[in-house]
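Summary of the model geometry
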Amino acid sequence: QVQLVESGGGMVHAGASLRLTCVASGRAFDWNSMGWFRQAPGKEREFVANIAWIGGTTIYGDSVKGRFTISREYTNNTLFLEMNSLKPEDTAVYYCASSRKSFRILPGDFDSWGQGTQVTVSS
């Protein structure tokens, strides 16, 4: 199982930006894609973004399109999520995850998960 560690969360005002980082252990062929999910209290885990590890093709959840950007550093096994124009609705614990498949948006399609990092956006 891949080991994942997130960082970069914090408390910001609406309109601010944050950059989340996820560092993965293991070998590149242990996963075909990596993604970000978020979960607010009392709500289901929500898909945020996914990136194919080799080709770099990305997909985004509707609620973050145009505001968030997912990227990776292939050599360093590092995943990023650049979050701009943050809204109070973005408040949640953000998790990175790896998958043996590409172009997946359901939590059940991901094999390994990080511990999560808290993002809080005030009005």
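Residues numbered from 1 in each chain as written. Predicted model: local features only at pLDDT ≥ 70, side-chain atom pairs only at ≥ 80, totals over all residues. Heavy atoms only, no water.

Focus on the pattern of salt bridges
Per the stated rule, a full pass over the model turns up five salt bridges. Arg 38 is the partner of Asp 90 in a salt bridge, and the nearest nitrogen-oxygen pair spans 2.8 Å. Remark: Arg 38 occurs in strand 4 (residues 33-39) and Asp 90 occurs in the loop between strand 8 (78-83) and strand 9 (92-99); sequence separation between them is 52 residues. The pair formed by Asp 90 and Arg 38 is uniform in burial state, with each residue classed as buried. (Salt bridge = Lys/Arg side-chain N within 4 Å of Asp/Glu carboxyl O. Helix = DSSP H or I, 4+ residues; strand = E, 2+ residues; numbered from the N terminus. Buried < 20%, exposed > 50% of the residue type's maximum accessible area, 1.4 Å probe, protein only.)

Digging into the side chain of Ser 99
One can find Ser 99 in strand 9. Setting aside residues up to four positions removed in sequence, Ser 99 forms contacts with Trp 31, Asn 32, Ser 33, Arg 104, Asp 109, Phe 110 and Asp 111. (Contact = heavy atoms within 4.5 Å.)

Things to note about the environment of His 13
For His 13, the position within the fold is in strand 2 (residues 10-13). Residue His 13 is classed as exposed on the basis of its relative accessible area, which comes to 58%. In this structure, His 13 is in contact with Val 121 and Ser 122, ignoring residues within four places of it in sequence. Here the side chain of His 13 touches Ser 122 through a polar contact of 3.0 Å, side chain to side chain. (Polar contact = N/O pair within 3.5 Å; in protein donor to acceptor, adjacent residues only side chain to side chain.)

Some details on the packing of aromatic side chains
Under the counting rule described, the total for this entry stands at six aromatic pairs. On the numbers, 5.5 Å between centres and 80° between planes, the contact of Trp 31 with Trp 53 is edge-to-face. Linking Trp 31 in the loop between strand 3 (18-24) and strand 4 with Trp 53 in the loop between strand 5 (46-52) and strand 6 (58-60), this pair joins segments that are 22 residues apart in sequence. Look at Trp 31 and you get buried, because its relative accessible area is 1%. The class of Trp 53 is buried, set by a relative accessible area of 1%. With a centroid separation of 5.0 Å and an interplanar angle of 55°, the aromatic rings of Phe 37 and Trp 113 are classed as tilted. Taken as a pair, Phe 37 in strand 4 and Trp 113 in strand 10 (residues 112-113) lie far apart in primary sequence, 76 residues in all. Taking the relative accessible area as the measure of exposure, Phe 37 reaches 0% and is therefore buried. Pairwise contacts between aromatic rings join Phe 37, Phe 47, Phe 110 and Trp 113 into one cluster. The residue whose ring lies beneath Arg 45 is Tyr 95, and the NZ or CZ to ring-centre distance is 4.1 Å. Looking at Arg 45, its charged tip hangs above the ring of Trp 113, at a distance of 4.7 Å from the centre. (Phe/Tyr/Trp six-rings, centres within 6.5 Å; stacked < 30°, edge-to-face > 60°. Lys NZ or Arg CZ within 6 Å of the ring centre and 35° of its normal.)

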